Amino acid sequence: MESKRVFYAGVVSNQEIAPHIMKIVLSVGEEAAKARPGQFINIYPKSERLILPRPISICDADTAARTLTLIYDIVGAGTEELSRAVEGDRIRITSPLGNGFRIPDPDSRVILTGGGIGIAPMYFAARYMAETHHKVTAVLGFRKDTFMTKEFRELGCRVLVTTDKPAEDAFLGNVVDCMTINAINADCYMACGPRPMLEAVSKYVVTADEKADIQVSMEERMGCGYGACVCCVTDVKAERADGTESTERLKVCKDGPVFDGRKVVW
Ligand SMILES: Cc1cc2nc3c(=O)[nH]c(=O)nc-3n(C[C@H](O)[C@H](O)[C@H](O)COP(=O)(O)OP(=O)(O)OC[C@H]3O[C@@H](n4cnc5c(N)ncnc54)[C@H](O)[C@@H]3O)c2cc1C
Ligand code: FES
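The present account deals with the structure reproduced in this document. (Residues numbered from 1 in each chain as written. Chains lettered and ligands numbered in written order. Predicted model: local features only at pLDDT ≥ 70, side-chain atom pairs only at ≥ 80, totals over all residues. Heavy atoms only, no water.)

Applying the stated criterion across every chain yields a total of zero disulfides. With no disulfide of its own, Cys231 lies closest to Cys229 among cysteine sulfurs, the gap being 3.7 Å. (Disulfide = S-S within 2.5 Å.)

Below, the structure written as structure tokens:
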């Protein structure tokens with residue numbers, strides 16, 4: 001894998017698309033062409049008080065415009081600082097990091113499951129596969145306010161929306177309830193969202209189909225963001241040389257963020 005580059009990106013736009021949810025477009029030059037669905041970048045806050053970088057998934061990459069688009073939730077000091085960036089500002093970021101999703105063959109049926117802000121990287125996967133004519137269903141789960149559902153529909157995906165509170169044109173419940181009721185099945189599942197959702201989706205797939213591929217993008221709390229502090233580890237099943245099962249501790253920032261949902265120790 002190519003080594004990480006830290007550089008200044010220009011802010012093209014930064015706007016609210018739903019309550020507390022922002023969309024920022026960054027001018028990143030040649031790095032846009034290197035981005036793959038499921039990868040993330042680290043953003044270094046300007047404030048010296050906020051030492052650690054903030055990992056944010058790539059929601060889209062435009063090779064012609066040389067931009068990356070990110071969608072982020074304002075949850076703390078770092079994302080609040082980012083929400084104040086305006087056109088023309090420069091922010092320090094890394095090049096795209098992590099392993100990203102493995103894109104299946106174009107004749108595969110694919111289910112993309114996103115929960116809350118985890119919907120952002122699923123859009124990049126959907127847009128990538130729209131170009132290769134995959135059959136994609138997106139199951140998008142929100143608390144109440146929805147965002148980006150129109151953009152998924154515009155790509156030609158079948159879109160199922162779920163909400164925790166009653167909302168128009170949405171299934172009331174969680175993404176797994178929605179998948180169960182709609183008898184959703186596919187050759188490949190990709191998911192990003194809160195850990196309990198990733199566990200539930202993985203268990204749904206394991207029960208539904210022995211062979212289906214399940215790739216989950218984990219959002220563990222991070223420190224350094226480049227493999228040095230070991231604060232983002234997750235346990236993953238492994239096999240010893242004699243064929244017996246063991247576990248290994250992998251770093252989400254370096255070995256992930258995408259893992260095989262059948263192998264994660266939930
Ligand atoms: C691989 C990956 C991709 C992500 N993609 C997105 C995305 O596309 N959009 C989005 O809104 N959020 C995303 N997150 C979560 C995002 O990194 C945190 O919400 C953000 O770092 C919070 O920073 P803060 O200063 O506002 O909050 P604070 O709570 O003040 O952060 C304090 C510290 O904890 C770390 N931290 C807090 N929450 C998380 C978290 N969930 N994951 C990792 N580190 C955390 C921060 O980086 C910071 O170092 C992603 C996380 C990971 C690991
Ligand atoms: S965040 Fe430091 S090792 Fe992953």
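Before going further, it helps to spend a moment on the site of ligand 1. The local shell around ligand 1 holds 21 residues, among which Arg54, Pro55, Asp73, Gly78 and Thr79 are the closest. A distance of 2.9 Å is found between a nitrogen atom of ligand 1 and a side-chain nitrogen or oxygen belonging to Ser57. Within the complex, the protein chains bury 86% of what would otherwise be the 820 Å² of accessible surface of ligand 1. Those elements that place two or more of their residues in the shell around ligand 1 are strand 4 (54–57), strand 6 (67–73) and helix 1 (77–83). Residue contributions to the shell around ligand 1 peak at four residues, all from strand 4. Of the residues belonging to the shell around ligand 1, the class tally is 12 nonpolar, four polar and five charged. Both of domain 1 (6–94) and domain 3 (220–266) provide at least three residues apiece to the shell around ligand 1. (Near = heavy atom within 4 Å. Polar contact = N/O pair within 3.5 Å; in protein donor to acceptor, adjacent residues only side chain to side chain. Areas by Shrake-Rupley, 256 points an atom, 1.4 Å probe, with all protein chains shown as cover. Helix = DSSP H or I, 4+ residues; strand = E, 2+ residues; numbered from the N terminus. Nonpolar A, V, L, I, M, F, W, Y, C, P; charged D, E, K, R; others polar. Domains from an automatic or database assignment.)

On to the packing of aromatic side chains. This structure, assessed with the given rule, holds four aromatic pairs. Both rings, one in Tyr123 and one in Phe152, keep their centres 5.4 Å apart while their planes meet at 85°; by these two values the pair is edge-to-face. Separated by 29 residues along the polypeptide, Tyr123 in helix 2 (residues 119–131) and Phe152 in helix 3 (residues 149–154) bring together distant segments of the chain. Like Tyr123, the residue Phe152 is buried in the burial classification. Summarising the aromatic geometry, the rings of Tyr189 and Tyr204 are spaced 6.5 Å apart at their centres and angled 70° between planes, so their arrangement reads as edge-to-face. Of this pair, Tyr189 sits in strand 12 (residues 188–192) while Tyr204 sits in helix 5 (residues 195–208), placing them 15 residues apart in sequence. As far as burial versus exposure is concerned, Tyr189 and Tyr204 are alike and both buried. Over the face of the ring belonging to Phe7 we find Arg5, whose NZ or CZ atom lies 4.5 Å from the ring centre. Across from the ring centre of Tyr44, 4.7 Å away, lies the NZ or CZ of Arg92, which sits over that ring. (Phe/Tyr/Trp six-rings, centres within 6.5 Å; stacked < 30°, edge-to-face > 60°. Buried < 20%, exposed > 50% of the residue type's maximum accessible area, 1.4 Å probe, protein only. Lys NZ or Arg CZ within 6 Å of the ring centre and 35° of its normal.)

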